[in-house]
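Fold and contact review
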Amino acid sequence: MAYQHILVTKIKGVGRIQLDRPDVLNALNLALMDELVHALNEMERDDEVGCILLCGNEHAFAAGADIFEMLDATTTDLLVQDQFSAWDRLSEVKKPMIAAVSGMALGGGCELAMACDLILAAEGSSFGQPEINLGVMPGAGGTQRLVRSVGKAKAMEMVLLGRPITAQEAYRLGLINEVVPAHQLEEEAMKWAQRLANKAPLAVRLAKESILKSMESTLAEGLDFEQKCFYLLFATEDQKEGMRAFVEKRRPHFHGK
């Protein structure tokens, strides 16, 4: 598939997807989201990809949804278009995803970053859910993932007042994993992604699923799920390789089996 709104590359086990609508600060329209889902599906099937890195450009990760596309939309239009089907697919990605945020991550851009598993941000970048200023509200996870990351009080402030926060504040609140100088963002994010890509794929997948499970289950249910995943990994070749490598004091070589 020839992409018009994203750039896709593969580097040492990392599938890199760059949002590429610079003239509109990477505003998220339906065509871009469809391309993003197609690229993610391809990377899910690619055994050479161990981690997915999602980024924008130096000015914007994504400044939000494409307002011009929604300006005259009706409720029926949104239902027929199945407006959020692509966003639902993001929640189903099994491989780890890292967002590298530079510039603005607002509205849908903030929601897209939060749909990833790890977020690195450049100094000077910002995060926010300003939809209230347009007479609407977040619809792709902004009211759900945000409160789980920063708590009710701060989520209420960001959503109801539409106030963005800096990368440093996002880090203090636990929304993101690290703040780095802007000129180091790509290099640092790639280091994180390649470290993940070198881990045992099945262990990473089940660990990710267990952590996500904890967000929507009781402690007892989560512990039961975690234990079953732990047992399951002892049926893999990677478990044997990882433990043998530890005993033999060498680096393990995982193959996702």
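Remember, predicted model here, so these are calculated numbers, not experimental data. Residue numbers restart at each chain and count upward from 1, following the sequence in its written direction. Local features in this predicted model are restricted to residues whose pLDDT is 70 or higher, and side-chain atom pairs enter the listing and the counts only when it is 80 or higher, whereas totals over whole chains, interfaces and linings include all residues. Derived side-chain values reflect all non-hydrogen atoms in the structure, with water molecules and hydrogen atoms excluded from consideration.

1. Remarks on the packing of helix α10 (residues 201-214) against helix α11 (residues 219-233)
To obtain each axis, a line is fitted to C-alpha atoms, and for helices this fit is confined to the stretch in contact; angles are then taken between N-to-C directions over 0 to 180 degrees. Helix numbers and strand numbers start at the N terminus; a helix is a DSSP run of H or I with at least 4 residues, a strand a run of E with at least 2. Where α10 meets α11, the axes come as close as 10 Å, and the angle between the chain directions of the two elements is 175 degrees. Compared by their axis directions, α10 and α11 come out roughly antiparallel. Where α10 abuts α11, its residues L202, A203, L206, E209, S210 and K213 lie against F225, E226, C229, L232 and L233. A per-class count over the contact of α10 with α11 returns seven nonpolar, one polar and three charged. If an angle is under 35 degrees, it is roughly parallel; if it is over 145, roughly antiparallel; if it lies from 65 to 115, roughly perpendicular; otherwise it is oblique. Residues are treated as being in contact if the distance between any of their heavy atoms lies within 4.5 Å. Throughout this entry, Asp, Glu, Lys and Arg are counted as charged residues, while Ala, Val, Leu, Ile, Met, Phe, Trp, Tyr, Cys and Pro are counted as nonpolar. The remaining residues, Gly among them, count as polar.

2. Details of the nonpolar core
Among the nonpolar cores identified, the biggest contains 44 residues, and I17, F61, V101, L112, F127 and L175 are the most heavily contacted of them. The element best represented in this core is helix α1 (residues 30-45), accounting for seven residues. In contact with L112, other than residues within four places in its own chain, are L19, L28, L36, L54, F61, W87 and L90. Residues enter a nonpolar core if they are buried and are Ala, Val, Leu, Ile, Met, Phe, Trp, Tyr or Cys, with the set joined through side-chain atoms within 4.5 Å. Categorising residues by exposure relies on relative accessible area from a 1.4 Å probe, with only protein chains included: less than 20% of the type maximum marks a residue as buried, more than 50% marks it as exposed, and the intermediate range marks it as partly exposed. In this structure, V14, A100, M190 and W192 belong to the second largest nonpolar core, which totals 17 residues.

3. Topic: α10
In this analysis, the expected span of each helix is defined as 1.5 Å times one less than the number of residues it contains. End to end, α10 covers 20 Å across 14 residues, agreeing with the expected 20 Å (1.5 Å per residue, within 8%). At its buried positions, α10 is contacted by α9 (185-197) and α11.

4. Side note on the pairing of strand β5 (residues 97-101)
For β5, the buried fraction is high: five of the five residues fall into the buried class. Paired strands are those between which DSSP finds at least two bridges. With four bridges joining them, strand β3 (residues 51-55) and β5 adopt parallel strand pairing. Residue pairing across strands places L53 opposite I98, the latter belonging to β5. Relative to strand β7 (residues 118-122), β5 runs parallel, the two sharing four bridges. Directly across from V101, in β7, lies its bridge partner A121.

5. Thoughts on the pattern of salt bridges
Salt bridges, as used here, are contacts in which a Lys or Arg side-chain nitrogen is within 4 Å of a carboxyl oxygen on Asp or Glu. Tallied over the entire structure, the rule returns 17 salt bridges. Between E209 and K94 there is a salt bridge, with the nearest N and O atoms lying 3.7 Å from each other. With E209 in helix α10 and K94 in the loop between α4 (85-90) and β5, the pair connects residues that are 115 residues apart, well separated along the chain. Residue class for E209 comes out partly exposed when judged on its relative accessible area of 21%. Residue class for K94 comes out partly exposed when judged on its relative accessible area of 35%. With a shortest N-O distance of 3.3 Å, R163 and E169 are connected by a salt bridge.

6. Considering the pairing of β3
With five of five residues buried, β3 lies mostly within the body of the structure. Alternating residues of β3 divide into C51, L53 and C55 and I52 and L54, and every residue in both groups is buried. Here the term right-handed applies to a crossover when the path leading from its first strand over the helix to its second strand runs clockwise, the strands being oriented away from the viewer. What joins strand β2 (residues 14-19) to β3 is α1, and the crossover it makes is right-handed.

7. Concerning the sheet that holds strand β4 (residues 60-62)
The strands making up a sheet associate through backbone hydrogen bonding, with each pair oriented either parallel or antiparallel. One open sheet accounts for four strands, arranged β4-β6-β8-β9; its pairing is mixed. Among the strands making up the open sheet, the edge pair consists of β4 and β9 (165-166). Bridge count between strand β6 (residues 104-106) and strand β8 (residues 126-128): three bridges; the pairing is parallel. Considered in β8, the bridge of A105 is made with F127.

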